[in-house]
Amino acid sequence: MSPGSPRPRPASAGGARRGLLYVTAAGVLWGTTGVAVHLVREATTLTPTGVGFYRLAIGAVVLVALVAHRLGPVLVALRAEPVALVLIGVGLGGYQALYFVAVAAGGVGVATVVSLGLAPVLIFGWESVRARRLPGRTMLGALVAGLVGLVLITVSVGQPGATAPRPLLGLLAAFGSGVGYAASTVLSRHAAQRVASMTLTTVSAVVGALALAPIALAEGIGVPARLAPVALLVHLGVVTTAVAYALFYAGLRTTSGSAAALSTLVEPLTAVLLAGWLLGESLPVPVLVGGVLLLGAVGVVHLAPRQAGQK
């Protein structure tokens, strides 16, 4: 146990429920990413990796500024958990970049279903192997409902950028993104028991930005000096990175990785609703049914907080 780090303790029902609320809130904030990235790419020449770099770099600058007066715990955490923290940061940058590649090469539907759908399945499997028992029927039912809802939403929403010029590359990138997200979530939950959420968020954002920097610089990171794209990049950095990941890591202290992955499935639902409101995209019946299933799955997880908080 490193000095100044939070002591891990069993999650009470109230603590598990609060953790799930934090994770779900993070998913809602992440759901604003798609529209913001769409608008940034319309207004700039940034590549997906460039947008991802700015997102993490701006978030890192804000977070470092917030913890500048107490860098001691950050340095202590780095000395105590160097490998885990670096892997979490590299994973954060890596699965984000792979997701953007999957969207560009294989289409939004494949990228979303494979990357977001694969993660809870892998985490459920990992937790079952570690515990040497299958998840309860309630959590399995929530998983199935959530995955069906995710598929309904992503395959039913027609988007102009949903073409698949390189489907095999898109599928492989989406698979890599899902594996990276699952592994990063498992590592993050482990680290969150020993490292304060603000410290974990700061270090992972800094490492993630550094990991993407060489590729982004090679592709070009010039941004026009206009208010709209700059404000959108600030939103991506502050809201969808600094705030969202701080909530996510705080929630992981009392929430199992599988429950967290299920709760963050509100991200595509938020993205679809936001796109319908701001971009005028239609919401067909399968999307509404999928939304109900997703919300039902998340609701079940919230109503079973003790199970959701199990390791």
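The preceding data block contains the structure.
These figures come from a predicted structure and were not determined experimentally.

Quick notes on the overall build of the protein
Working step 1: Counting secondary structure elements, the protein contains 14 helices and 0 strands.
Working step 2: Relative to its full complement of 311 residues, the protein shows a buried share of 50%.
Working step 3: A separation threshold of at least 6 residues defines the contact pool for the protein, and within that pool the share at least 24 residues apart is 90%.
Working step 4: Total accessible area on the protein is roughly 13600 Å²; 71% of this is exposed by carbon and sulfur atoms.

A few points about the nonpolar core
Working step 1: Leu200, Phe248 and Leu262 are the most contacted members of the largest nonpolar core, which totals 53 residues.
Working step 2: Among the elements that take part in this core, helix 9 (residues 197–219) stands out by supplying 7 residues, more than any other.
Working step 3: Ignoring sequence-local partners within four residues, the contact set of Leu262 consists of Phe124, Met139, Ala142, Leu143, Val298 and Val301.
Working step 4: With 9 residues, the next largest nonpolar core counts Tyr54, Phe100, Leu233 and Leu236 among its residues.

Comments concerning the environment of Val239
Working step 1: By the secondary structure assignment, Val239 is in helix 10 (residues 227–252).
Working step 2: Between the C-alpha atoms of Val239 and Thr32, which are 207 residues apart in sequence, the distance is 9.1 Å.
Working step 3: Sequence-distant contacts of Val239, defined by excluding residues within four places in its chain, comprise Leu29, Val234 and Ala244.

Comments concerning the packing of aromatic side chains
Working step 1: Counted according to the given criterion, the structure contains 7 aromatic pairs.
Working step 2: Consider the rings of Phe53 and Tyr54, whose centres lie 5.8 Å apart with planes at 55 degrees: the pair is tilted. For the pair formed by Phe53 and Tyr54, the shared burial category is buried.
Working step 3: Counting every residue linked through ring pairs, the aromatic cluster contains Trp30, Tyr245, Phe248 and Tyr249.

Quick look at the side chain of Thr44
Working step 1: Among the secondary structure elements, Thr44 is positioned in the loop between helix 2 (33–43) and helix 3 (48–67).
Working step 2: Judged by its relative accessible area of 9%, Thr44 falls in the buried class.
Working step 3: Only 2.8 Å separates the side chain of Thr44 from the backbone oxygen of Val40, close enough to count as a polar contact.
Working step 4: Of the polar contacts made by the side chain of Thr44, one reaches the backbone nitrogen of Leu46; its length is 3.2 Å.
Working step 5: Contact partners of Thr44, with chain neighbours within four places excluded, come to Val223, Pro224 and Pro229.

Structural notes on the packing of helix 3 against helix 5 (residues 82–106)
Two measures define how a pair of helices packs: the angle their axes make with one another and the distance between the axes.
Working step 1: Interaxial distance between helix 3 and helix 5 falls to 9 Å at its minimum, and their mutual angle equals 145 degrees. For the crossing formed where helix 3 meets helix 5, the hand is right-handed. Contact with helix 3, carried on its side by Pro48, Gly52, Arg55 and Leu56, involves Leu92, Gly93, Gln96 and Phe100 of helix 5 and no other residues of that element.
Working step 2: Its residues assigned to classes, the contact of helix 3 with helix 5 comprises 4 nonpolar, 3 polar and 1 charged.

Thoughts on helix 9
Working step 1: Between the first and last C-alpha of helix 9 there are 32 Å, a value that for 23 residues agrees with the 33 Å anticipated at 1.5 Å per step.
Working step 2: At Ala213, helix 9 shows its largest bend, some 45 degrees, and a proline, Pro214, comes one to four positions later.
Working step 3: Just downstream of helix 9 lies Gly220, where phi reads positive at about 105 degrees.

Some points on a nonpolar patch on the surface
Working step 1: A cluster of nonpolar side chains, contributed by Val110, Leu168, Leu171 and Leu172, occupies part of the molecular surface with about 370 Å² of accessible area.
Working step 2: It is helix 8 (residues 167–192) that contributes the most residues to the nonpolar patch, 3 residues altogether.

About the thresholds
Residues numbered from 1 in each chain as written. Predicted model: local features only at pLDDT ≥ 70, side-chain atom pairs only at ≥ 80, totals over all residues. Heavy atoms only, no water. Helix = DSSP H or I, 4+ residues; strand = E, 2+ residues; numbered from the N terminus. Buried < 20%, exposed > 50% of the residue type's maximum accessible area, 1.4 Å probe, protein only. Contact = heavy atoms within 4.5 Å. Areas by Shrake-Rupley, 256 points an atom, 1.4 Å probe, with all protein chains shown as cover. Core = buried A, V, L, I, M, F, W, Y, C linked by side-chain atoms within 4.5 Å. Phe/Tyr/Trp six-rings, centres within 6.5 Å; stacked < 30°, edge-to-face > 60°. Polar contact = N/O pair within 3.5 Å; in protein donor to acceptor, adjacent residues only side chain to side chain. Axes fitted to C-alpha atoms, helices over the stretch in contact; angles between N-to-C directions. Left-handed = near helix turned anticlockwise from the far one by under 90°. Nonpolar A, V, L, I, M, F, W, Y, C, P; charged D, E, K, R; others polar. Expected span 1.5 Å × (residues − 1). Bend = angle between axes of the 7 residues up to and from the residue. Patch = residues over 30% accessible without salt bridge, like charges linked within 9 Å, V, L, I, M, F, W, Y side chains within 5 Å. Salt bridge = Lys/Arg side-chain N within 4 Å of Asp/Glu carboxyl O.

None of the figures reported here should be taken as evidence of function without further support.
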